[in-house]
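Analysis of the macromolecular model
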Amino acid sequence: MKKINIAKIVWVLSIFLVLIIILVAVMDYKIHYEYKIKNKLYFYECDGNLCVTEVEDEEKLLYSKYECDDECPVFKSQIDDNYVILEEKDNNILFNYRKNKVISKNYDNYKFLNNNYIIVTKNNYQGIIDIDNNLTVLTSYDSLGYMKEEYLIGYNLNNIIAQKNNLYGIISIKDGTIIEEIEYREEEIDTLLNIINNE
């Protein structure tokens, strides 16, 4: 009867296993990286307006291009001179198309207060981020600012009216500190507006 050399069998099986791992890694690279088509959104100047397209046009002034993987987000709106919202499956992207810079991908909506602060909405709650995407006011308020007709009022450079559980107060834009306790009812909103306007 012939003796079986276990060490030789283990050595051959190990070599075979390493070759399979290398083959799988090479196939994964080829499928996911080498043959992956990079899509782009192009942001152009069009007669004083912004044009957004997935097609390159060398005749127009190019502001920037946003690189996408499989599928590009959809252009939703321009919300400031330099910023647009791009709609993805889970979130919306705040993108500075002039500087080719993503500001945030974390929120459902964005509304500029000024050049430094932005009201953000997540799961129907509002908070504030700064222009570097630092959260300055937690997204825990029913609303920030006060809507009068179609305009957002009730804020200044430092503070903003905040609503929580149908009560109103004033908080700091810069760090969320409570300036006026959130205990005012809707019919007392003029008191808060006067405080904001007189600061």
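Everything that follows concerns the structure shown earlier in this document.
Summary of the structure given here. Note that the coordinates shown come from a computational prediction; the quantities given were computed from them, not determined experimentally. Every chain's residues receive numbers from 1 upward, in the order its sequence appears when written. Totals for whole chains, interfaces and linings use every residue, but because this is a predicted model, local features are given only for residues with pLDDT of at least 70 and side-chain atom pairs only at 80 or more, for both listing and counting. Only hydrogens and water are removed before side-chain values are computed, so all heavy atoms of the structure are retained for them.

**A closer look at helix H2 (residues 189-198)**
Residue pairs three or four apart in sequence face the same way in an α-helix, which turns once every 3.6 residues. Taken together, the buried positions of H2 are occupied by Ile-189, Leu-192, Leu-193 and Ile-196. Down the axis of H2, the smallest arc covering the buried residues is 100°, so these residues share one side. With respect to the buried face of H2, the exposed residues turned more than 90 degrees away are Asp-190 and Asn-198. Whether two residues are in contact is decided by their heavy atoms: any pair within 4.5 Å suffices. Secondary structure is summarised from DSSP: a helix means a run of H or I of at least four residues, a strand means a run of E of at least two, and numbering begins at the N terminus for each. Buried residues in H2 make contact with strand S13 (146-148), strand S14 (151-153), strand S15 (159-164), strand S16 (167-172) and strand S17 (178-184). We call a residue buried when its accessible area falls under 20% of the maximum for its residue type, exposed when it is over 50%, and partly exposed in between, using a 1.4 Å probe and counting protein chains only. Regarding the arc, it is the one traced by the directions from the helix axis to the C-beta atoms.

**Quick look at the layout of surface pockets**
Space inside and on the surface of the protein is sampled on a 1 Å grid over the protein atoms alone, with a cavity defined as a set of points where a 1.4 Å probe fits but cannot get out and a pocket as an open set with protein on both sides within 12 Å along at least 5 of 7 lines; lining residues have an atom within 4 Å of a point. Grid points are joined across faces, edges and corners, and a volume is the space filled by probe spheres set on the points. In this model, the largest pocket occupies a volume close to 270 Å³. What lines the largest pocket is a set of 14 residues, and nearest its centre among them are Glu-71, Cys-72, Pro-73, Glu-88 and Lys-89. The leading source of residues in the lining of the largest pocket is strand S3 (residues 61-68), at three residues. Residues of the lining of the largest pocket, tallied by class, amount to five nonpolar, no polar and nine charged. Residue classes follow a fixed rule: Ala, Val, Leu, Ile, Met, Phe, Trp, Tyr, Cys and Pro count as nonpolar, while Asp, Glu, Lys and Arg count as charged, and any other residue, Gly among them, counts as polar.

**Examining the pattern of salt bridges**
Proximity of charged atoms lets side chains of opposite charge pair with each other. When a carboxyl oxygen of Asp or Glu lies within 4 Å of a side-chain nitrogen of Lys or Arg, that pair is called a salt bridge. Under the definition given, this model contains three salt bridges. Across the pair Asp-57 and Lys-60 runs a salt bridge whose closest N-O atoms are separated by 3.3 Å. Taking the relative accessible area as the measure of exposure, Asp-57 reaches 25% and is therefore partly exposed. Residue Arg-185 pairs with Glu-187 through a salt bridge whose shortest N-O separation is 3.0 Å. Overall, Arg-185 belongs to the partly exposed group, its relative accessible area being 44%. Overall, Glu-187 belongs to the exposed group, its relative accessible area being 60%. Members of the salt-bridge network, linked through shared partners, are Arg-185, Glu-187 and Glu-188.

**Here's the deal with the packing of aromatic side chains**
Aromatic rings from Phe, Tyr and Trp, taking only the six-membered ring of Trp, are treated as a pair when their centres fall within 6.5 Å; an angle between ring planes under 30 degrees marks them as stacked, one over 60 as edge-to-face, and anything in between as tilted. Under the counting rule described, the total for this entry stands at eight aromatic pairs. Note on Phe-43 and Tyr-97: the rings are 6.0 Å apart at their centroids and 20° apart in plane angle, and the pair reads as stacked. With Phe-43 in strand S1 (residues 39-46) and Tyr-97 in the loop between strand S6 (92-96) and strand S7 (101-107), this residue pair connects regions lying 54 residues apart in the sequence. Judged by its relative accessible area of 2%, Tyr-97 falls in the buried class.

**Focus: unusual backbone geometry**
Although it is not a glycine, Asn-133 sits at a positive phi angle of roughly 70°. In this fold, Asn-133 is placed in the loop between strand S10 (125-130) and strand S11 (135-141).

**Quick notes on the sheet that holds strand S9 (residues 117-122)**
Spatially, four strands are ordered S8-S9-S10-S11 in an open sheet, and the strand pairing comes out antiparallel. Edge positions in the open sheet fall to strand S8 (109-112) and S11, since each of these has one partner strand only. Ignoring strand direction, the axes of neighbouring strands in this sheet form an average angle of 20°. Whether two strands pair comes down to DSSP finding at least two bridges between them. Judged from the six bridges that link them, S9 and S10 form a sheet pairing that is antiparallel. Residue pairing for S10: Thr-121 is matched across the bridge by Gln-126. Every axis in this analysis is a line fitted to C-alpha atoms, fitted for helices over the stretch in contact. Angles between the N-to-C directions lie between 0 and 180 degrees.

**Focus: the side chain of Asn-96**
With respect to the helices and strands, Asn-96 occurs in strand S6. In this structure the side chain of Asn-96 is engaged in a polar contact, spanning 3.1 Å, whose partner is the backbone nitrogen of Arg-98. Look past the residues within four positions of Asn-96 in its chain and what remains in contact with it is Asn-82, Tyr-83, Lys-101 and Ile-103. Each polar contact in these results corresponds to two N or O atoms within 3.5 Å; when the atoms are within protein, one needs to be able to donate a hydrogen and the other to accept it, and residues that are neighboring in sequence are counted only if both atoms are side-chain atoms.

**Concerning the environment of Leu-41**
Along the polypeptide, Leu-41 turns up in strand S1. A relative accessible area of 4% means that Leu-41 is categorised as buried. Filtering out sequence-adjacent residues up to four positions away, Leu-41 remains in contact with Val-52, Thr-53, Glu-54, Ser-64, Lys-65, Tyr-66, Cys-68, Cys-72, Pro-73 and Leu-86.

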